[in-house]
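Structural overview
Here's the letter readout for the chains.
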Amino acid sequence: MNATISAPDEAPETTGISFGRSADGLLVALVGETAFAMAPVRDGRHFLVIAWRISRPMGEWTRGDFYGHSCELADEAAFRNAVLENAEHQRERRMLGRVEVHSRVHTPWGASQGATVYAEGVTAHSTAGHGGFKLSAEQDRKVHPLLRSKGGWYEEDAEWAIVAITFPHLFTAFERRCAERTIKDSWPDAWETIFGAILKPGESYEKDRRAFEWAHARDWIVVSAITSKHAPGFVETVATPGGKRGPGTEERRFLVPSDEYQVGRFGFVIDEARHQVYGGPSDFVGWR
């Protein structure tokens, strides 16, 4: 797809979508009342940021107008794809006919401040601090036993995905993709049982984490790190066997060259053949 972003006064590629640039030069877009921007962060990275109902023209928007934070973007093409995907998501959501209702139901996260009815017995509640789904007893029985909540409540951070894979016809294609990713990452054993498929390395965060911990159970894994003032060019680290924490856990300090200290997905593994044990003056308060 062409990554060029059109000016606000040009005809958008898709009805209801406008692309342009903000007053401070950000790539921006508008889908209905939802505004998007490709915001730069450190190390040359960019993230998709979101706002709602910005009343000013697109050319007057600034980074300060955006408050919601979404996915990381590889390039301008990725920004355009994310916007188009959201437009399709919004179109599908309107077709699903979800109904907003007033609610003061007590939830595990406090009093409901409003609810969205997806279907009979499938309701999403919002509260001051959190939220999630409530399934009726009848609907909750349709959830696979490996994922079923006894009380029918499913919080919004991850457990919402359990509702989505149980009732896929109530969710958009985008939501279904997100739900699949969430279940694989959080409950890989349940996913493999339900769908009869074995998740390969890289397909599940939780399964990959377990594999990492098993492979490095006897290795020293960094649990704390600080740039060393006593050994210039090095990072002073505190490591424990397998990255364990808690009372009675053995700890050792190691010096790691600064240009080597790149923390991986599940932690930094000390190479005892290359990273020397350190017993000198420390930059850690507890080791002084």
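1. Description of the packing of aromatic side chains
A complete count under the given rule lists 11 aromatic pairs for this structure. Considering the side-chain rings of Trp61 and Phe66, the 5.9 Å spacing of their centres and the 75° angle between planes classify their relative orientation as edge-to-face. What makes Trp61 buried here is its relative accessible area of 2%. Looking at Phe66, the relative accessible area reads 6%, which means it is buried. Between the NZ or CZ atom of Arg98 and the centre of the ring of Phe171, over which it lies, the distance is 5.6 Å. Sitting over the ring of Trp153, Lys134 keeps its end group 5.7 Å from the ring centre.

2. Side note on the side chain of Glu192
Mapped onto the secondary structure, Glu192 falls in helix 5 (residues 188–195). In this structure Glu192 comes out as buried when scored by relative accessible area, which is 16%. Here Leu199 takes part through its backbone nitrogen, which lies 2.9 Å from a polar atom of the side chain of Glu192. At 2.5 Å, the side chain of Glu192 forms a polar contact with the side chain of Lys207. Ignoring anything within four residues of it in the chain, the contact list for Glu192 reads Ala197, Ile198, Leu199 and Lys207.

3. Notes on the nonpolar core
Core analysis: the biggest nonpolar cluster contains 21 residues, and Val122, Phe133, Val163 and Phe171 have the highest contact counts within it. Every element with two or more residues in this core is listed here: strand 10 (122–126), strand 11 (131–135), helix 3 (160–166), helix 4 (173–186) and helix 5. Tallying contributions element by element places helix 3 first for this core, with five residues. Apart from residues lying up to four places away in sequence, Val163 is in contact with Val122, Phe133, Leu135, Tyr154 and Phe171. Listed in part, the 14 residues of the second largest apolar core include Ile17, Leu48, Val83 and Leu84.

4. Describing the sheet that holds strand 12 (residues 153–155)
Read from one edge of the open sheet, five strands run 6-9-10-11-12, paired in antiparallel fashion. Each having just a single partner strand, strand 6 (99–101) and strand 12 make up the two edges of the open sheet. Pairwise comparison of adjacent strand axes, ignoring direction, gives a mean angle of 25° for this sheet. Looking at chain direction, strand 11 and strand 12 are connected through three bridges and run antiparallel.

5. A word on the environment of Gly97
You can see Gly97 is positioned in the loop between helix 1 (76–96) and strand 6. Distance in space between the C-alpha atoms of Gly97 and Asp208 is 38 Å, their sequence separation being 111 residues.

6. A few points about the sheet that holds strand 13 (residues 220–227)
Taken in spatial order, the three strands line up as 13-14-15 in an open sheet, and their pairing is antiparallel. Each edge of the open sheet is held by one strand with a lone partner, namely strand 13 and strand 15 (252–257). Pairs of neighbouring strands in the sheet enclose a mean axial angle of 35°, with direction left out of account. Examined bridge by bridge, strand 13 and strand 14 (residues 234–241) share seven bridges and lie antiparallel to one another. Of the residues in strand 14, the one forming a bridge with Ala225 is Thr237.

7. A closer look at the confidence of the model for the protein chain
It should be kept in mind that the predicted coordinates are not to be read in detail where pLDDT is low. Scored by pLDDT, the protein chain has a mean of 91; 94% of the residues are at 70 or more. Every residue in residues 1–13 scores below 50 in pLDDT, and together they form 26 contacts with partners more than four places removed in sequence or on other chains.

8. Overview of the environment of Tyr67
Along the chain, the position of Tyr67 falls in the loop between strand 4 (46–52) and strand 5 (68–73). Taking C-alpha positions, Tyr67 is 44 Å from Val277, a pair spaced 210 residues apart along the chain. In this structure Tyr67 touches Ile50, Ala51 and Trp52, once residues within four positions along its chain are discounted. A distance of 3.2 Å separates the side chain of Tyr67 from the backbone nitrogen of Trp52, its partner in a polar contact.

9. Focus on helix 6 (residues 205–215)
Along helix 6, the positions that sit buried rather than exposed are Glu206, Asp208 and Phe212. When helix 6 is viewed along its axis, its buried side chains cluster within an angular range of 160° and face the same direction. Looking at the buried residues of helix 6, the elements they touch are helix 4, helix 5 and strand 13.

10. Some points on the pattern of salt bridges
Within this structure, the stated rule accounts for 19 salt bridges. Put simply, Glu250 and Arg252 hold a salt bridge, and the shortest N to O gap is 3.4 Å. A relative accessible area of 42% places Glu250 in the partly exposed class. The class for Arg252 is partly exposed, based on a relative accessible area of 30%. Here the residues in one salt-bridge network are Asp189, Glu206, Arg209, Arg210 and Glu213, joined through shared partners.

Parameters at a glance
- Residues numbered from 1 in each chain as written.
- Predicted model: local features only at pLDDT ≥ 70, side-chain atom pairs only at ≥ 80, totals over all residues.
- Heavy atoms only, no water.
- Phe/Tyr/Trp six-rings, centres within 6.5 Å; stacked < 30°, edge-to-face > 60°.
- Buried < 20%, exposed > 50% of the residue type's maximum accessible area, 1.4 Å probe, protein only.
- Lys NZ or Arg CZ within 6 Å of the ring centre and 35° of its normal.
- Helix = DSSP H or I, 4+ residues; strand = E, 2+ residues; numbered from the N terminus.
- Polar contact = N/O pair within 3.5 Å; in protein donor to acceptor, adjacent residues only side chain to side chain.
- Contact = heavy atoms within 4.5 Å.
- Core = buried A, V, L, I, M, F, W, Y, C linked by side-chain atoms within 4.5 Å.
- Pairing = 2+ DSSP bridges.
- Axes fitted to C-alpha atoms, helices over the stretch in contact; angles between N-to-C directions.
- pLDDT = per-residue confidence, 0-100.
- Arc of directions from axis to C-beta.
- Salt bridge = Lys/Arg side-chain N within 4 Å of Asp/Glu carboxyl O.

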